[in-house]
Amino acid sequence: MPRSMHWVSNLLFPAKSAREQREQIIGIFDSLRKQIPLLYGVALINLIGLHVATHGSELRWFSPITVLSILLIWRMLYWIALQKPSEDFTRIRRELVKMVVFTAILCAGFSVWSQSLITVYPEETMTILLYSVLAALGAAYGLSSFPRAALIPLLLLGLPVAVRLSWLGRASDRGIAVSLILVLLLFIWQLHVHNTALLGLVRGQLAITRERNRAVKAELEAIKRAEEDVLSGLANRGKLVREIEENLVRGPATGGGSVLAICDLDGFKSANDAFGHAAGDEILREYARRLSKAFSDNALVARLGGDEFSIFWKDGLPRLKLERAASQICELANQPIDWDGKELLVGASCGVTEAGPFTWSNQEFFRQADAALYKAKASSRGRWYLYDQPQFQADQRRAKIEKSILSGEALHEIDIHFQPIFDLEKGIPVFAEALARWNSTELGVVLPDEFIRISEKLGVIDQLNEHLLEKALASAEEWPESLSLSFNLSALQLSRPLATERLYKLVLGSTLPPQRVQFEVTETAILSDLDHAEQELAKLSELGFTIALDDFGSGYASVAYLRQLPFDTIKLDGTLIDNVFDSERSRQILLGLVDLCHAAGARCVAEHIETYEQLSLAQAMGCDYGQGFFLGKPTSSDRMLKMLNSIPGSTPAWLRYSGSKTIF
Ligand code: C2E
Ligand code: MG
Ligand code: MG
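Residues numbered from 1 in each chain as written. Chains lettered and ligands numbered in written order. Predicted model: local features only at pLDDT ≥ 70, side-chain atom pairs only at ≥ 80, totals over all residues. Heavy atoms only, no water.

Student: Would you explain the overall build of the protein in this entry?
Tutor: Helix and strand counts for the protein stand at 25 helices and 16 strands. For 664 residues, the compact-globule estimate of 2.2 N^0.38 gives 26 Å, and the protein exceeds it by more than 25% at 51 Å. For the protein, the C-alpha atoms occupy an extent of roughly 160 × 50 × 45 Å along the three principal directions. Within the protein, the proportion of its 664 residues that are buried is 47%. Restricting the contact set of the protein to residue pairs at least 6 apart, pairs at least 24 apart contribute 70%. For the protein, the accessible area works out to roughly 33300 Å², and carbon and sulfur atoms hold 57% of it. When the 68 basic and 77 acidic side-chain charges of the protein are each reduced to a single mean position, those positions are 15 Å apart. (Helix = DSSP H or I, 4+ residues; strand = E, 2+ residues; numbered from the N terminus. Rg over C-alpha atoms; globule rule 2.2 N^0.38 Å. Buried < 20%, exposed > 50% of the residue type's maximum accessible area, 1.4 Å probe, protein only. Contact = heavy atoms within 4.5 Å. Areas by Shrake-Rupley, 256 points an atom, 1.4 Å probe, with all protein chains shown as cover. Lys, Arg positive; Asp, Glu negative; His and termini not counted. Charge placed at Lys NZ, Arg CZ, Asp CG, Glu CD.)

What follows is the structure, encoded as structure tokens:
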């Protein structure tokens, strides 16, 4: 826009700011665009009317009046064509300024012409006056939405003509002229008031818009904050959950559904501890940046919290791409991260799942990815694992086991079997180990290792084991006095407050003296809290119970336990016997362990004796007791008693062995 135009524009649209001026101009244009053609129409009619009144109805081509009329018609048509609200602000302003300039020229011309007409045709003064004032008022009224522009016809056309008349006219006309001047002044005053109101309106509207914009911005920021992880700038868990809720696609079992990957950083805690939280934050930020760069084009990358991240592909991924993405998630963490001149090294493991028919809820979708991550971490660091159908079935089974245990159904179905433990020298059974058996109507056989671990995790192992001890004691009451009960305690049981007291109370409730009850504990039970285990075992020992260390040699067997804890019996893990014929070395180790047990003042049990050869060897090595399928499989108390009664008490069982049959 030329400078002069700017000047005119500022004069026409007084405003405190460019924004206010812009609003004002748009407002004026919107209310004026329908009136402007009318304005030119009024000017045209008055122009022609004045010409006819003074010159008659004859019109000549190329006369000023004809040219002006054509110009007016052209402007009128031009504004009719401009009816659509324009988005182009500069154009709107230009059109308004052009219109004002044209109106000013027109009014000035009309004014000069009517002045000259009054001089030439004094007898037509009233008519000229009427046309001029009508033209001025009509134009001013048409421009009333644009107060400053509306002043132009009043000041340039109406006022000079009225003043001239009041000055030069006859005395009778002066009254009309003065009255006209007053009307014009009143009109000017009204326009001033209107102008002020218009400005106020625009300012008010602007303030409302500003407030609304601020509110919208604040709301957007709040939404963003609610959906964003502040540290990494990635989406947060809430956003991811919402996204999954809205977009999860379940594909067929063959694949094609939405994909969810959950990964966490290996070695993050060590780096955090070694270099401080600032370094930890940088690791998280850098890994977030790498993930975002690699996947955010077609997936939602989120930080779930801590060092856990997640990537969600709502449209799924072809299997090959899925595998590539999973390895990339792990690899991205492998590249060193620069921090304060140091190179920080971490890794990542990842679990991936594809939504299929068995993904019945969003929680299940997360659970599957989590389970896959757990598997990946269990195999080795820096690996990924894809959740699959077999794992789903295993999880299903586990969920059913949990349900059955929690509902108490399992307690009704779990039974106790007994397996004899023989004195290898005398050939008589001295203990019978109670072994839980669960033949579920719904799940089939569930192994004790499995349901005991699950009961421990669910925190209901005490109820289960106490229930089993009661049952075992009831059976043991029927046994001969020479046969004692050997009962397995769970790893967690020893760490519970009052566990010892409760066990003692149960035994007191039976006819069995504590001397006929042996408790078997594993190394894991002792490992979790050695001092506490020592106290509890000492208490049990003082109460008269026999204590056995079970599965010795299977885990982190420590000689310290043997020195510190009051074991009466040490049961050598079955794998030691299983492998005894593999090598001379295995035999020497077993021999050494038997000696170790004796050195610790305990009797030694060889577990898993499955063959006559293993039995002979255990015996030859000096094992005090033996247990295994060869000597007797776990069975019900009644059957065990029947079988034991069928062995003549004086004859060692293995001496009666002939052929390949087990003893019973
Ligand atoms: P454990 O205490 O070492 O029990 C011996 C396991 O070895 C039993 O497995 C038994 O069936 C098996 N076994 C016995 N002789 C042989 C043999 O000659 N060859 C082989 N291969 N195996 C033999 P089971 O019954 O499956 O029990 C596994 C484990 O579950 C037990 O190991 C024990 O730790 C735990 N468990 C069993 N019942 C109970 C219970 O009532 N309470 C607690 N807390 N744990 C129990
Ligand atoms: Mg045992
Ligand atoms: Mg054992």
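Student: Explain the site of ligand 1 here, please?
Tutor: Neighbouring residues of ligand 1: 23 residues in total, closest Glu-433, Arg-437, Asp-550, Glu-610 and Phe-629. Side-chain polar atom of Asp-449 to an oxygen atom of ligand 1: 3.3 Å apart, as the coordinates give it. When ligand 1 is considered free in solution it has 790 Å² of accessible area, and contact with the protein chains removes 85% of it. Mapping ligand 1 onto the cavity grids shows that it belongs to the largest pocket. Contributing elements (two or more residues each) for the shell around ligand 1: strand S9 (428–440), helix H16 (448–458), helix H17 (461–476) and strand S13 (546–552). Ranked by the residues each element gives to the shell around ligand 1, the list is headed by S9, at 4 residues. (Near = heavy atom within 4 Å. Polar contact = N/O pair within 3.5 Å; in protein donor to acceptor, adjacent residues only side chain to side chain. 1 Å grid on protein atoms, 1.4 Å probe; cavity = no way out; pocket = protein on both sides within 12 Å on 5 of 7 lines; lining within 4 Å. Sits in = over half its atoms within 2 Å of the grid points.)

Student: I tried to follow the coordination of the magnesium ion (ligand 2) on my own but got confused; where do I start?
Tutor: The reference angle at a metal is 109.5 degrees if four donors form a tetrahedron and 90 or 180 degrees if six donors form an octahedron. Protein coordination of the magnesium ion (ligand 2) is provided by Glu-433 (OE), Asn-488 (OD1), Glu-520 (OE) and Asp-550 (OD), with donor distances spanning 2.0 to 2.3 Å. Considered as a linear motif, the donors of the magnesium ion (ligand 2) on their single chain read E-x54-N-x31-E-x29-D. The metal-metal distance between the magnesium ion (ligand 2) and the magnesium ion (ligand 3) is 3.9 Å, with Asp-550 serving as a donor to both. Within this pair, whereas Asn-488 is found in strand S11 (residues 484–488), its partner Glu-520 is found in strand S12 (residues 517–522), the two being separated by 32 residues in sequence. (Donors = N, O, S within 2.8 Å, 3.2 Å for Na, K, Ca; no water.)

Student: Hey, could you run me through the coordination of the magnesium ion (ligand 3) in this one?
Tutor: Taken together, Asp-550 (OD), Asp-551 (OD), Glu-607 (OE) and Glu-607 (OE) make up the full set of protein donors to the magnesium ion (ligand 3), lying 2.1 to 2.6 Å away. Read from N- to C-terminus, the donor residues coordinating the magnesium ion (ligand 3) fall into the pattern D-D-x55-E.

Student: Can you help me understand a nonpolar patch on the surface in this one?
Tutor: A surface patch of nonpolar side chains, amounting to about 260 Å² of accessible area, comprises Ile-73, Leu-77 and Ile-80. Looking at the secondary structure, you find Ile-80 in helix H4 (residues 64–81). Classification of Ile-80 by relative accessible area gives partly exposed; the value is 46%. (Patch = residues over 30% accessible without salt bridge, like charges linked within 9 Å, V, L, I, M, F, W, Y side chains within 5 Å. Salt bridge = Lys/Arg side-chain N within 4 Å of Asp/Glu carboxyl O.)

Student: Got a minute to help me understand the packing of H17 against helix H18 (residues 499–508) in this structure?
Tutor: A pair of packed helices can be characterised by two numbers: the angle between their axes and the separation between those axes. Running from amino to carboxyl end, H17 crosses H18 at an angle of 25 degrees, the nearest separation of the two axes being 10 Å. When the axis of H17 is compared with that of H18, the two are roughly parallel. Read as a crossing pair, H17 and H18 show a hand that is right-handed. For the pair H17 and H18, contact is made by Asp-462, Glu-466, Leu-469, Glu-470 and Leu-473 and by Arg-502, Leu-503, Leu-506 and Val-507, respectively. A breakdown of the residues in the contact of H17 with H18 according to their chemical character gives 5 nonpolar, no polar and 4 charged. (Axes fitted to C-alpha atoms, helices over the stretch in contact; angles between N-to-C directions. Parallel < 35°, antiparallel > 145°, perpendicular 65-115°, else oblique. Left-handed = near helix turned anticlockwise from the far one by under 90°. Nonpolar A, V, L, I, M, F, W, Y, C, P; charged D, E, K, R; others polar.)

Student: Would you mind showing me how to read unusual backbone geometry here?
Tutor: Backbone phi values are negative for most residues with the exception of glycine, while trans is the configuration of most peptide bonds. Backbone geometry at Asp-551 places phi at a positive 55 degrees, although glycine is not the residue there. On the secondary structure map, Asp-551 appears in strand S13. For Asp-551, a relative accessible area of 23% corresponds to the partly exposed category.

Student: Looking at this model, I keep getting lost on the domain arrangement of the protein. Mind explaining?
Tutor: Where interface size is given, it is often the accessible area lost as the parts come together that is meant. Each assigned domain of the protein is listed with its residue range as follows: domain 1 (3–210) and domain 2 (237–387). Relative placement of domain 1 and domain 2: their C-alpha centres are 71 Å apart. (Domains from an automatic or database assignment.)

Student: Please clarify how the sheet that holds strand S1 (residues 259–266) should be interpreted in this entry.
Tutor: In a beta sheet, neighbouring strands pair by backbone hydrogen bonds and run either parallel or antiparallel. In spatial order, the strands read S2-S3-S1-S6-S7; together these 5 strands make up an open sheet with mixed pairing. Each edge of the open sheet is held by one strand with a lone partner, namely strand S2 (300–305) and strand S7 (384–386). Averaged over all neighbouring strand pairs, the angle between strand axes comes to 20 degrees, with direction disregarded. In this sheet, strand S6 (residues 347–354) lies alongside S1 in antiparallel orientation, the contact comprising 8 bridges. Bridge pairing links Ile-262 to Gly-351 in S6. On the sheet, helix H9 (residues 237–247) packs against S1, S2 and strand S3 (308–313) and is oriented at approximately 130 degrees with respect to S2. (Pairing = 2+ DSSP bridges.)

Student: How should H17 be read in this particular structure?
Tutor: Helical geometry: 3.6 residues make up each α-helical turn, so side chains three or four residues apart lie on a common side. Its 16 residues place the ends of H17 22 Å apart at the C-alpha level, agreeing with the 22 Å of an ideal helix rising 1.5 Å per residue. Within H17 the residues assigned to the buried category are Ile-461, Asp-462, Leu-464, Asn-465, Glu-466, Leu-468, Leu-469, Ala-472, Leu-473 and Ala-476. (Expected span 1.5 Å × (residues − 1).)

Student: Is there a simple way to think about the packing of aromatic side chains in this case?
Tutor: Aromatic ring pairs: the centre-centre distance and the angle between the two ring planes describe each pair. Under the counting rule described, the total for this entry stands at 15 aromatic pairs. Relative to Phe-102, the ring of Tyr-40 lies with its centre 5.7 Å away and its plane at 65 degrees, an arrangement referred to as edge-to-face. Of this pair, Tyr-40 sits in helix H3 (residues 36–55) while Phe-102 sits in helix H5 (residues 89–120); the two residues are 62 residues apart in sequence, bridging distant segments of the chain. Note on accessibility: Tyr-40 and Phe-102 belong to one class, buried. (Phe/Tyr/Trp six-rings, centres within 6.5 Å; stacked < 30°, edge-to-face > 60°.)

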